[in-house]
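# Observations on the three-dimensional arrangement
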Amino acid sequence: MEKSQFSWFYERYVQRIHAFVYFRVGGNRAVAEDLTQEIFLKAFEAFERYDPARGEVAWLYTIARNHLINQHAKMHPDASLEEVEGSRLASADARERVMSDDDCQRLLKTIDALTEEDARLVRMKYLEGWSFDELAELFGKRSDCLRVQARRAIKKIRDMLL
Amino acid sequence: MMYWFLKRQLRDMGRQAKARPEFVDALRSTLAMKGYVPTRFSLRGWFLRHLVGFGSALAMMAVGTTGAYAYVSEAVLPDHPLYPVREAIERLEEHAPIPVARVKAKLRANVAQRRVREIQTLLKRHRPLKPKHVKFLKNHPAMQATLAPLLDATTTRTTLIESARSTKKFDLYIERNPERGTLNVERKKEKAEERVRRMQERMERRREKRMKKDLSRQKQTPRRSIQKTIPR
C-alpha cells in the first residue's frame, strides 16, 4: 500500500486506538497519547507491507496489542509470557486513582469478571467504539452473532451488578 | 431499562477516552514530517457524505414551516391549498391523547374560535361556507347568535345558496325560498348561455381567419409537390 493512503487510515482509527490504549493504561491520558503516537508511527513505517486482504482492523489492532505487550515486557522483564499476554500497563492503584468514580470502577471490575472474550467484546464495542462489522473482522465471527453475544454479556453484567 | 442505562454508562466512559483534538493534530504533524500526506478537505466529499442529513433536514424544515404557516395564518381559508394541512393538524390536536381534561377543553375552544374567525372572514369576503362550517353553526346555536348581525348585513344570496347547496340542502332552500332560488338559477343560466355564445363567436372568427390565410397562401405560391411533378 502507498503511504499516501495512510491518511484515511489515521483519520478513521486514531480515536479508537487511543481509547484502546487509554483503558489499558488505567486512564492515564499522557501515557495513552505517547503510546498511541508510537503505535501510529509503527503502523506508518509498516504500511508498505500492509496486505489489504488481511483486514485493516486486524492489522492495526495487532500492531497496537503487540506494542502494548512489548511495553509491558520492558517494564516487567521477569514477567512470564501469560502475564504479558493479558497485560495492563497500569497497576490497580493507578486505575483506582484515575478512574475515581465508584460506579465506573465497579463496572470495570464487573467487566473483568466476564469471560475473556466477552470482556474484550464489551470493552471494544462500548468503551472503545468499534463497530460490530469491524469487530466481526477481528473476532472472525459474523456481526449478528457478535451483537447477540454483546447483548448476553451486558445481561450478565446487569445480573452481576444487581 | 437497566440494559439501556448500562450501555449508556459504558458509552459515557468511552467518551472520556476520546483523544484530545490537539493531540490528534500534533500526531498528524509528526506523521507529516515522516512523509504522511494529510487528506485535503473536499467540500464536495463533505457535502456528499452529509447529503442524506441535509436532505432530511431541509425536508423537515419545509414540512415544519408549511405546517406552522397553515396552522397559524388567517389567510388559510377553505379554498386555500394548505387548508387540508390545517385540517389534518386540527384532527391530530383533537385526537391527541391528552389526559388533562382542562387542556383538552382549551384546545377544543381554540379550534371553535378559529372556526368562528374563518366563518367571519368567509362571510366578509362573500365566499360560500363549507359544509363543515354550516355543520358547526348548526351544532353551536350560540355561535349562530354571535354571527347573526354579520349574516344579515353582509351575506349575499349567492353565498347562502352555495352554502346550502354544499350541505345538500339546496332543494330544501329552493322549496322555502322559491323566488330567490329561481332568480338565481335564471341568472346563472343567462350567464352560462352568454359564455357559450361568446365562445362560439370566438371560434367562428378564428375559423374565418384561418380560411382567409389558406386562400391567400394558395394564390401566392403553388404547392411544392405540384411544382416537382411538372416536367421540364
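Because the structure is a prediction, the values reported are computed rather than measured. (Residues numbered from 1 in each chain as written. Chains lettered and ligands numbered in written order. Predicted model: local features only at pLDDT ≥ 70, side-chain atom pairs only at ≥ 80, totals over all residues. Heavy atoms only, no water.)

### Describing the overall build of chain A
Secondary structure assignment for chain A yields nine helices and zero strands. Start at the N end of chain A and walk to the C end: the helices and strands fall as α-α-α-α-α-α-α-α-α. The buried share of chain A, reckoned over its 162 residues, is 51%. By sequence separation, contacts in chain A at least 24 residues apart represent 60% of the contacts at least 6 residues apart. (Helix = DSSP H or I, 4+ residues; strand = E, 2+ residues; numbered from the N terminus. Buried < 20%, exposed > 50% of the residue type's maximum accessible area, 1.4 Å probe, protein only. Contact = heavy atoms within 4.5 Å.)

### Describing the overall build of chain B
Summing up its helical and strand segments, chain B has 12 helices and zero strands in all. Residue burial in chain B is summarised as follows: out of 232 residues, 22% are buried. Residue pairs at least 24 apart in sequence account for 46% of intrachain contacts in chain B once pairs closer than 6 positions are excluded. For chain B, the computed accessible surface area is about 18100 Å², with 59% contributed by carbon and sulfur atoms. (Areas by Shrake-Rupley, 256 points an atom, 1.4 Å probe, with all protein chains shown as cover.)

### Let's talk about the packing of aromatic side chains
Residue and element names in this part refer to chain A. For the structure shown, the criterion picks out 15 aromatic pairs over all chains. Where Phe9 meets Trp59, the ring centres are 5.6 Å apart and the plane angle is 80°; that geometry is what we call edge-to-face. Here Phe9, found in helix α1 (residues 6-24), pairs with Trp59, found in helix α3 (residues 56-75); they are 50 residues apart in sequence, far enough to count as distant. By relative accessible area, which is 2% here, Phe9 ends up buried. (Phe/Tyr/Trp six-rings, centres within 6.5 Å; stacked < 30°, edge-to-face > 60°.)

### Examining the nonpolar core
In this structure, Phe6, Ile17, Val21, Phe40 and Trp59 of chain A are the most contacted members of the largest nonpolar core, which totals 63 residues. Of the residues forming this core, the biggest block, 11 residues, is contributed by α1 of chain A. With 10 residues, the next largest nonpolar core counts Ala112, Leu123, Leu129 and Phe136 of chain B among its residues. (Core = buried A, V, L, I, M, F, W, Y, C linked by side-chain atoms within 4.5 Å.)

### Some thoughts on the confidence of the model for chain A
All names here are of chain A. When the pLDDT values of chain A are averaged, the result is 81; 82% of them are 70 or greater. When pLDDT is averaged over each helix and strand of chain A, the minimum, 49, is found for helix α5 (residues 92-98) and the maximum, 90, for helix α9 (residues 143-161). Counted against residues more than four places away or in other chains, residues 90-94, with its pLDDT under 50, gives four contacts. (pLDDT = per-residue confidence, 0-100.)

### Focus: the packing of helix α6 (residues 101-124) of chain B against helix α7 (residues 131-139) of chain B
When two helices pack together, their arrangement is given by the angle between their axes and by how far apart the axes lie. Residue and element names in this part refer to chain B. For the pair α6 and α7, the least separation of the axes is 11 Å and the interaxial angle reads 115°. As for how α6 packs across α7, the hand of that crossing is left-handed. Where α6 approaches α7, its residues Ala112, Arg115, Val116, Glu118, Ile119 and Leu122 are matched on the opposing element by Lys132, His133, Phe136 and Leu137. Per-class residue counts for the contact of α6 with α7 are six nonpolar, one polar and three charged. (Axes fitted to C-alpha atoms, helices over the stretch in contact; angles between N-to-C directions. Left-handed = near helix turned anticlockwise from the far one by under 90°. Nonpolar A, V, L, I, M, F, W, Y, C, P; charged D, E, K, R; others polar.)

### Section: the interface of chain A and chain B
Taken together, the contact between chain A and chain B spans 34 residues of the former and 26 residues of the latter. Regarding the contact of chain A and chain B, the summed buried area is about 3000 Å², with carbon and sulfur atoms giving 69% of it. Our enumeration of links across chain A and chain B arrives at two salt bridges. For Glu33 of chain A, the salt bridge is made with Arg20 of chain B, and the minimal N-O distance between the two is 2.8 Å. One can count seven residue pairs in polar contact (both at pLDDT 80 or more) joining chain A with chain B. Sorting the residues of the side of chain A that touches chain B by element identifies α1, α2 (29-45), α6 (102-113), α7 (116-127) and α9 of chain A as the ones contributing at least two each. Here the side of chain A that touches chain B takes 10 residues from α1 of chain A, the largest share from any one element. (Buried area = accessible area lost by both parts, 1.4 Å probe. Salt bridge = Lys/Arg side-chain N within 4 Å of Asp/Glu carboxyl O. Polar contact = N/O pair within 3.5 Å; in protein donor to acceptor, adjacent residues only side chain to side chain.)

### Side note on a positive patch on the surface
Taken together, the side chains of Arg202, Arg205, Arg206, Lys209, Arg210, Lys213 and Arg217 of chain B make up a positively charged region of the molecular surface. In this structure, Arg205 of chain B sits in helix α11 (residues 178-220). (Patch = residues over 30% accessible without salt bridge, like charges linked within 9 Å, V, L, I, M, F, W, Y side chains within 5 Å. Lys, Arg positive; Asp, Glu negative; His and termini not counted. Charge placed at Lys NZ, Arg CZ, Asp CG, Glu CD.)

### Remarks on the side chain of Thr30 of chain B
By the element assignment, Thr30 of chain B lies in helix α2 (residues 21-33). In this structure the side chain of Thr30 of chain B is engaged in a polar contact, spanning 2.8 Å, whose partner is the backbone oxygen of Ala26 of chain B. Contacts of Thr30 of chain B, omitting those with residues within four sequence positions, involve Gln37 and Leu41 of chain A.

### Focus on helix α5 (residues 83-95) of chain B
All names here are of chain B. Taking 1.5 Å per residue as the helical rise, α5 with its 13 residues ought to reach 18 Å, and the 18 Å between its terminal C-alpha atoms agrees with that figure. Buried within α5 we find Tyr83, Arg86, Glu90 and Glu93. For α5, the angular spread of the buried residues around the axis is 80°, confining them to a single face. Along α5, exposed side chains directed more than 90 degrees from the buried face belong to Leu92 and His95. Here the buried face of α5 lies against α4 (51-72), α6 and α7. (Expected span 1.5 Å × (residues − 1). Arc of directions from axis to C-beta.)

### A short note on the side chain of Thr110 of chain A
By the secondary structure assignment, Thr110 of chain A is in helix α6. If we ignore the near neighbours within four places in the chain, the residues touching Thr110 of chain A are Ile157, Met160 and Leu161 of chain A.

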